[in-house]
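So the chains spell out like this:
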Amino acid sequence: MAMLEIKDLEVCYGVIRAIKGVSFEVNQGEVIALIGANGAGKTTILHTITGLIPAEKGSILFDGKELTKTPAHKIVSMGMAHVPEGRRVFAQLSVLENLKLGAYTRKNKVEIEESLQMVYDHFPRLEERKNQVAGTLSGGEQQMLAMGRALMSKPRIILMDEPSMGLSPLLVSEIFDIIKVISEGGTTVLLVEQNAKKALSIADRAYVLETGNITLSGKASDLMNDDSVKKAYLGE
Amino acid sequence: MDFLSYLVSGISLGSVYALIALGYTMVYGIAKMLNFAHGDVIMLGAFVIYTISTTLGLPAIVGVLASIVICTIFGIVIEKVAYKPLRKASSLAVLITAIGVSYLLQNAALLIFGSDTKSFTSVVTLPTLKLFDGQLIISGETIATILVSVVIMVALTLFINKTKPGKAMLAVSEDKGAAQLMGINVNRTISLTFAIGSALAAVAGALLCSAYPALSPTTGAMPGIKAFTAAVFGGIGSIPGAMIGGILLGVIENLSKGYISSQLSDAIVFVVLIIVLLVKPTGILGKKIREKV
């Protein structure tokens, strides 16, 4: 059974159907990329999975449990973390306070401290700036903080929305290296990206989303050589 | 010596405004709404004390505690019944509802207690303090108000910055969606905010009516508006802003009463507010709303 199974999902904004019956699955340990142009509905799908937007129809099963009927705040303790588009760090709180909020649902102080050390190992810059107010961090540092904050919940699956957005090529590579490390540590990754090249380079499988429908899916290495993908998303 | 006396009673009055303003500013910060029924919770709390302590003759402390409990429950219920269904409605609809709740509370009190002004028995038993050979007289109510307010403000600041529910409140006030992703129950956090705000209003009501012992169904209206002004003055949404705004407002009001005119004092307070907002539209400690990049 797949860890995360999305079936015939439909999402509406008012009368507009943004997601028109999407199905896909994520297996334990995989890195799955969801690629597509601006406005294709990638972010909407992630927001629906973690309950920030209600689903109109269809189902989202996480370990066999229906997420469309689960309140958003209960999902993180089930083992799913979401790094939202635009980072959305708590700008007025310090880096450390942000990270601690990531572990909001956890009780064991020793384990939380271990997670904090693990996050600092991944992102040494966050430790250097732990007392700095998050709003004063650079874009790349905020992305690291958003990822670190998500890791603080000790997730089994992590949803990442456009982690490369607005970052320099050097930082993008750094961020993707860390995603790889996170994945190798055993965490399943569902990655939404406009930077299709980077996303496909680290993904096992990928789905191509176009105006609310999945139009193509397969192994990332196959999609990278697919002519239509090359033309539309890889700029070749 | 007059100046000191005006100053001290101004700080005392301002502390009450600050306690009420905290309710306004916390609710605004978390729920992004102006709860204009907040002032009437003060009146409600004062009537609870009046009923228990004056009518039934029980000790003042019983009245105060009952008032805090009842106001807290009312705050939570008002939010659940009147505001929660409007969570996604336009802010104008919420504002009108809040004014409606305010009138509902005032008229319910009118129905139950009648329109005549009741004489409120002070809940403070501290003696009057005479300093400088009796030249400076500070009433027990003034001392109690300042002491209680300072303790509450310190406790509230510690609660917000040091405890998990406090941090959750800060997170919700900044970004509800991201807060939910952390596992924070937004509805419960909003309830908690209304509960704290209303409990503070109950304390403010007890202190205010002890110092100015005339109680009627509209008792909460003017202090409510003043406290709202104080919250805007200090920067709405900012907790230290509400404290500073409240105390400054009380001091300005009392100094105007003492040196200029007691009839014009309210007008002067609002003129100062207008000037502050012209110079710094976000209030003294208000933050600029960050544009999303």
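Colleague: Can you lay out the environment of A:Val11 for me, pointing to particular residues and giving the numbers?
Modeller: All names here are of chain A. Looking at where valine 11 falls in the secondary structure, it is placed in strand β1 (residues 4-13). Separated by 164 residues in the primary sequence, valine 11 and isoleucine 175 have C-alpha atoms spaced 30 Å apart. Those residues in contact with valine 11, other than ones at most four positions away along the chain, are Ala18, Ile19, Thr44, Thr48, Ile53, Ala55 and Glu56.

Colleague: Can you lay out the domain arrangement of chain A for me, pointing to particular residues and giving the numbers?
Modeller: Accessible area lost upon the coming together of the parts is a frequently used measure of interface size. Residues and elements named next belong to chain A. Its domain assignment divides chain A into domain 1 (1-79 + 156-236) and domain 2 (87-154). Using only C-alpha atoms to locate each centre, domain 1 and domain 2 end up separated by 23 Å. Taken together, the contact pairs ten residues of domain 1 with eight residues of domain 2. Looking at the side of domain 1 that touches domain 2 element by element, the count peaks at four residues for helix α7 (residues 169-184).

Colleague: Before we move on, could you go through the pairing of strand β2 (residues 16-26) of chain A and cite the residues and values that matter?
Modeller: Bridge count for β1(A) against β2(A) is eight bridges, and the pairing is antiparallel. Bridge assignment links A:Ile6 to a residue of β2(A), and that residue is A:Phe24.

Colleague: Tell me about the interface of chain B and chain A, and please be specific about residues and values.
Modeller: If you look at the interface, chain B gives 16 residues, while chain A gives 19 residues. At the level of secondary structure, the elements contributing two or more residues to the side of chain B that touches chain A comprise α6 (164-174) and α7 (176-181) of chain B. Considered class by class, the residues forming the side of chain B that touches chain A number seven nonpolar, four polar and five charged.

Colleague: Please give an account of helix α3 (residues 95-102) of chain A that cites residues and values.
Modeller: Where α3(A) is concerned, the buried positions are A:Val95, A:Asn98, A:Leu99, A:Leu101 and A:Gly102. All buried residues of α3(A) project into a common sector of 160° when viewed along the axis, lining one side. Residues of α3(A) that are buried sit in contact with α4 (109-122), α5 (124-128) and α6 (139-151) of chain A together with α6 of chain B.

Colleague: Please provide a residue-by-residue account of the environment of B:Thr125, values included.
Modeller: Residues and elements named next belong to chain B. Assignment of secondary structure puts threonine 125 in the loop between β1 (118-119) and β2 (129-131). Residue classification places threonine 125 among the exposed positions, given that 9 C-beta atoms sit within 10 Å. Once the C-alpha coordinates of threonine 125 and leucine 95 are considered, the two residues, 30 residues apart in sequence, prove to be 39 Å apart.

Colleague: Break down the sheet that holds strand β6 (residues 80-83) of chain A for me, with residues and values.
Modeller: Residue and element names in this part refer to chain A. Across the sheet, which stays open at both edges, the six strands sit in the order β6-β7-β8-β3-β9-β10 with mixed pairing between neighbours. Both edges of this open sheet fall to β6 and β10 (213-219), since each of them pairs with a single strand only. Geometrically, the sheet is characterised by an average inter-axis angle of 15° between neighbouring strands, direction not taken into account. Bridging between strand β9 (residues 205-210) and β10 involves six bridges; their strand directions are antiparallel. Residue pairing in the sheet places glutamate 210 in a bridge with asparagine 213 of β10.

Rules behind the numbers
Residues numbered from 1 in each chain as written. Chains lettered and ligands numbered in written order. Predicted model: local features only at pLDDT ≥ 70, side-chain atom pairs only at ≥ 80, totals over all residues. Helix = DSSP H or I, 4+ residues; strand = E, 2+ residues; numbered from the N terminus. Contact = placed C-beta atoms within 7 Å. Domains from an automatic or database assignment. Pairing = 2+ DSSP bridges. Nonpolar A, V, L, I, M, F, W, Y, C, P; charged D, E, K, R; others polar. Buried ≥ 20, exposed ≤ 12 C-beta atoms within 10 Å, placed from the backbone. Arc of directions from axis to C-beta. Axes fitted to C-alpha atoms, helices over the stretch in contact; angles between N-to-C directions.

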